[in-house]
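# Residue-level structure breakdown
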Amino acid sequence: MTTQEAVQLVRTSVKLHYPVEIAICNAHTTLTALDNPAFAATLQEMTLLNDGVGIDLAGRFLTGERFPDNLNGTDLVPAILADIDVPLRIFLLGASEARVQLAKDHIERVYPQHQVVGARNGYFDMSDCSAVCSEINRAAPDLLLVGMGNPRQEDFIVQNRANLDATVAIGVGALFDFLSGSVIRAPKMVQAAGLEWLFRLLQEPRRLFRRYVIGIPRFFAALIRLKYGKSEI
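Note that the coordinates shown come from a computational prediction; the quantities given were computed from them, not determined experimentally. (Residues numbered from 1 in each chain as written. Predicted model: local features only at pLDDT ≥ 70, side-chain atom pairs only at ≥ 80, totals over all residues. Heavy atoms only, no water.)

## Brief notes about a nonpolar patch on the surface
Together, L34, F61, L62, I224, L226 and Y228 line one region of the surface with nonpolar side chains, adding up to about 530 Å² of accessible area. The set of elements that each furnish at least two residues to the nonpolar patch consists of helix 4 (53–63) and helix 12 (205–227). Within the fold, I224 resides in helix 12. Classification of I224 as partly exposed rests on a relative accessible area of 45%. (Patch = residues over 30% accessible without salt bridge, like charges linked within 9 Å, V, L, I, M, F, W, Y side chains within 5 Å. Areas by Shrake-Rupley, 256 points an atom, 1.4 Å probe, with all protein chains shown as cover. Salt bridge = Lys/Arg side-chain N within 4 Å of Asp/Glu carboxyl O. Helix = DSSP H or I, 4+ residues; strand = E, 2+ residues; numbered from the N terminus. Buried < 20%, exposed > 50% of the residue type's maximum accessible area, 1.4 Å probe, protein only.)

Structure follows, in structure tokens:
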């Protein structure tokens with residue numbers, strides 16, 4: 001999809017009250033799914049959108065085609081909020097309490113046409129999902145943004161979908177960290193060069209070392225095995 005087609009998907013879903021669950025998949029998400037069949041099965045229950053240069057290279061390597069747009073959540077969600085032309089009721093779930101509240105403040109300030117009807121941190125036990133779903137349902141959101149990282153956010157959405165009244169649910173990763181100003185986004189020139197991952201690694205080397213320094217070579221090794229018919233990763 002292009003960015004505008006993804007926005008249209010959300011717009012149509014909200015207008016028709018037709019449930020949609022979206023996972024935004026980067027190289028780390030895909031590698032996690034290759035390592036974890038249960039997570040792969042979860043993703044197969046969702047609409048998958050591409051995120052990042054690694055996925056674009058994978059598309060070209062495996063199919064000869066590239067994706068029309070980079071649909072990373074940090075850019076896609078603001079595009080949805082800016083362009084959807086439908087007032088949304090939004091619930092934010094994830095990150096720390098301080099960061100999710102700052103993200104709420106940001107959305108209310110920048111996109112006043114929408115209403116943030118609830119915000120809750122993502123630090124809860126999965127055995128408490130029933131109470132969390134009840135809190136979300138009381139707010140009756142059109143759009144549920146879940147920022148708890150992979151695979152937790154996608155597992156939450158799929159496992160609790162029957163108990164959630166939100167029309168559209170999107171796993172948004174670190175979006176609240178960026179919206180809150182707690183994590184600085186890479187400069188546009190770095191993004192355009194496909195090096196945002198390196199910028200993030202330099203910001204948080206301890207947390208992201210395994211994901212990027214180890215994960216990127218593993219991801220491309222997995223692509224070679226997929227390309228040439230070997231299923232073992």
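## Thoughts on the pattern of salt bridges
By the definition in use, this model includes nine salt bridges. With a shortest N-O distance of 2.9 Å, D35 and R218 are connected by a salt bridge. Of this pair, D35 sits in helix 2 (residues 27–35) while R218 is found in helix 12, placing the two residues 183 residues apart along the sequence. D177 serves as the salt-bridge partner of R99, at 3.0 Å between the closest nitrogen and oxygen.

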